[in-house]
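What the coordinates show
Spelled out, the chains give:
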Amino acid sequence: MTDRYESADRAPTERGGRIARAWRWFWTPTHAIALGTLVTIGFVVGIIFWGGFHWALELTNTESFCISCHEMKDNVFTEYRSTVHYSNKSGVRASCPDCHVPKEWGHKIVRKIRASNELYHHLLGTVSTKDKFSGKRLQLATNEWRRMKSTDSRECRNCHKFDYMDYSVQEPRASRIHQEALTTGKTCIDCHRGIAHTLPPNADEAYQKVVESMERNDNRILTDYLGSVVPKANAAR
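Presented here is an overview of the structure given in this document. Note that the coordinates shown come from a computational prediction; the quantities given were computed from them, not determined experimentally.

**Some remarks on the overall build of the protein**
When its secondary structure is counted, the protein shows 9 helices and 0 strands. Ordered by position from N to C terminus, the α and β elements of the protein give α-α-α-α-α-α-α-α-α. Taking all 237 residues of the protein together, 23% fall into the buried category. Restricting to contacts in the protein with at least 6 residues of sequence separation, those with at least 24 account for 66%. For the protein, the accessible surface area stands at approximately 17600 Å², while carbon and sulfur atoms represent 62% of it.

**A look at a nonpolar patch on the surface**
Among the surface-exposed residues, Phe43, Val44, Ile47 and Ile48 lie close enough to one another that they form a single nonpolar patch of about 410 Å² accessible area. The partly exposed category is assigned to Ile47, whose relative accessible area is 47%.

**Topic: the packing of aromatic side chains**
Taken as a whole, this structure holds 7 aromatic pairs when the rule is applied. When the ring of Trp50 is compared with that of Trp105, the centres are 5.4 Å apart and the planes differ by 50°; the resulting orientation is tilted. With Trp50 in helix α2 (residues 35-59) and Trp105 in helix α6 (residues 105-124), this pair connects stretches of sequence that are 55 residues apart. On the numbers, 5.2 Å between centres and 85° between planes, the contact of Tyr80 with Tyr86 is edge-to-face. The pair Tyr80 / Tyr86 is uniform in exposure class, with both members buried. Counting every residue linked through ring pairs, the aromatic cluster contains Trp50, Phe53 and Trp105. Cation over ring: Arg193 sits above Trp145, and NZ or CZ is 6.0 Å from the ring centre.

**Side note on the state of the cysteines**
Applying the stated rule across the entire model yields 0 disulfides. Cys96 forms no disulfide, and the closest cysteine sulfur to it belongs to Cys66, at a distance of 4.4 Å. With no disulfide of its own, Cys188 lies closest to Cys156 among cysteine sulfurs, the gap being 4.5 Å. Judged by its relative accessible area of 14%, Cys188 falls in the buried class.

**Remarks on helix α4 (residues 70-80)**
Listed in full, the buried residues belonging to α4 are Glu71, Asn75, Val76, Phe77, Glu79 and Tyr80. Here the buried residues of α4 occupy an arc of 160° about the axis, which is enough to place them on one side. Buried positions along α4 lie against α3 (63-66), α6 and α7 (130-150).

**Details of α7**
Taking 1.5 Å per residue, 21 residues should reach 30 Å; α7 reaches 29 Å between its end C-alpha atoms and fits that length. Backbone geometry just after α7 places Asp152 at a positive phi near 60°.

**Some details on the side chain of Ser153**
By secondary structure assignment, the location of Ser153 is in the loop between α7 and α8 (172-184). Discounting chain neighbours no more than four positions away, the residues touching Ser153 are Met148, Thr187, Cys188 and Ile189.

**Observations regarding unusual backbone geometry**
Phi at Asp152 is positive, roughly 60°, even though this residue is not glycine. Counting through the fold element by element, Asp152 comes out in the loop between α7 and α8. Classification of Asp152 by relative accessible area gives partly exposed; the value is 36%. In this structure, Ser153 is a non-glycine residue whose phi angle is positive, near 55°.

**Quick notes on the packing of α4 against α7**
Where α4 meets α7, the closest approach of the two axes is 10 Å, and the angle between their N-to-C directions is 55°. Comparing the axis directions of α4 and α7 gives the class oblique. Handedness of the crossing formed by α4 with α7: right-handed. Of the residues in α7, those touching α4 at Glu71, Met72, Asp74, Asn75, Val76 and Glu79 are Lys130, Phe133 and Arg137. Across the contact of α4 with α7, the residue classes tally to 3 nonpolar, 1 polar and 5 charged.

**Details of the nonpolar core**
Counting residues in hydrophobic clusters, the biggest one holds 8 residues: Ala141, Trp145, Met148, Ile189, Ala203, Ala206, Tyr207 and Val211. Elements with a contribution of two residues or more to this core: α7 and α9 (203-235). It is α9 that provides the largest number of residues to this core, a total of 4 residues. Contacts of Ala206, omitting those with residues within four sequence positions, involve Leu138, Thr142 and Trp145. Core analysis: the second largest hydrophobic core is formed by 5 residues, Ile67, Phe77, Tyr80 and Ala196 among them.

About the cut-offs
- Residues numbered from 1 in each chain as written.
- Predicted model: local features only at pLDDT ≥ 70, side-chain atom pairs only at ≥ 80, totals over all residues.
- Heavy atoms only, no water.
- Helix = DSSP H or I, 4+ residues; strand = E, 2+ residues; numbered from the N terminus.
- Buried < 20%, exposed > 50% of the residue type's maximum accessible area, 1.4 Å probe, protein only.
- Contact = heavy atoms within 4.5 Å.
- Areas by Shrake-Rupley, 256 points an atom, 1.4 Å probe, with all protein chains shown as cover.
- Patch = residues over 30% accessible without salt bridge, like charges linked within 9 Å, V, L, I, M, F, W, Y side chains within 5 Å.
- Salt bridge = Lys/Arg side-chain N within 4 Å of Asp/Glu carboxyl O.
- Phe/Tyr/Trp six-rings, centres within 6.5 Å; stacked < 30°, edge-to-face > 60°.
- Lys NZ or Arg CZ within 6 Å of the ring centre and 35° of its normal.
- Disulfide = S-S within 2.5 Å.
- Arc of directions from axis to C-beta.
- Expected span 1.5 Å × (residues − 1).
- Axes fitted to C-alpha atoms, helices over the stretch in contact; angles between N-to-C directions.
- Parallel < 35°, antiparallel > 145°, perpendicular 65-115°, else oblique.
- Left-handed = near helix turned anticlockwise from the far one by under 90°.
- Nonpolar A, V, L, I, M, F, W, Y, C, P; charged D, E, K, R; others polar.
- Core = buried A, V, L, I, M, F, W, Y, C linked by side-chain atoms within 4.5 Å.

Right, dumping it as structure tokens:
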């Protein structure tokens, strides 16, 4: 009887020991495997992992992925199809990721991380109907305006740059405004709002508030920075 109880007590310990030994064995290279073999295997596995990650990332940079959610397909995509960015005489199309996803690796990863919030609200059904989307249109628009203003309309400039424009062949009004924008430091989104999607009510007033809010924030950051640097500089004299 005692032997039976002792063997029962030893059983979990033995199982735990076997698992620990198996785990150590799994992570300990044997003498039969050369270091070069291990490095080669690791290199191949790394390439496969990186390729899979890059493939999945680029899969999310397609128009078909963007409109796989009905919120996008039934609302902003319908609006976009009637614009020059979708169909034009030159046959050049600017699709969803061309305007809303950075091309540079670092900026792209940051944008993808922030986009996880959009997936969260998709699951919540925040804009699951046309009425809900209309109710949130101003907030969605201001979020994108703020992003584009803060990046100097980076995605627009993948195709449109002041330095590359031939002002002599533009319409007089467009030529004048573009040259003024170049000299005054304006960016594309300052003028070209609503070129691909319907503008929310009071869009101009809302955009001005976004710009003023960003300027106040920039001034506050500058003031805080100078407030921390100037006393140190005076103390060092």
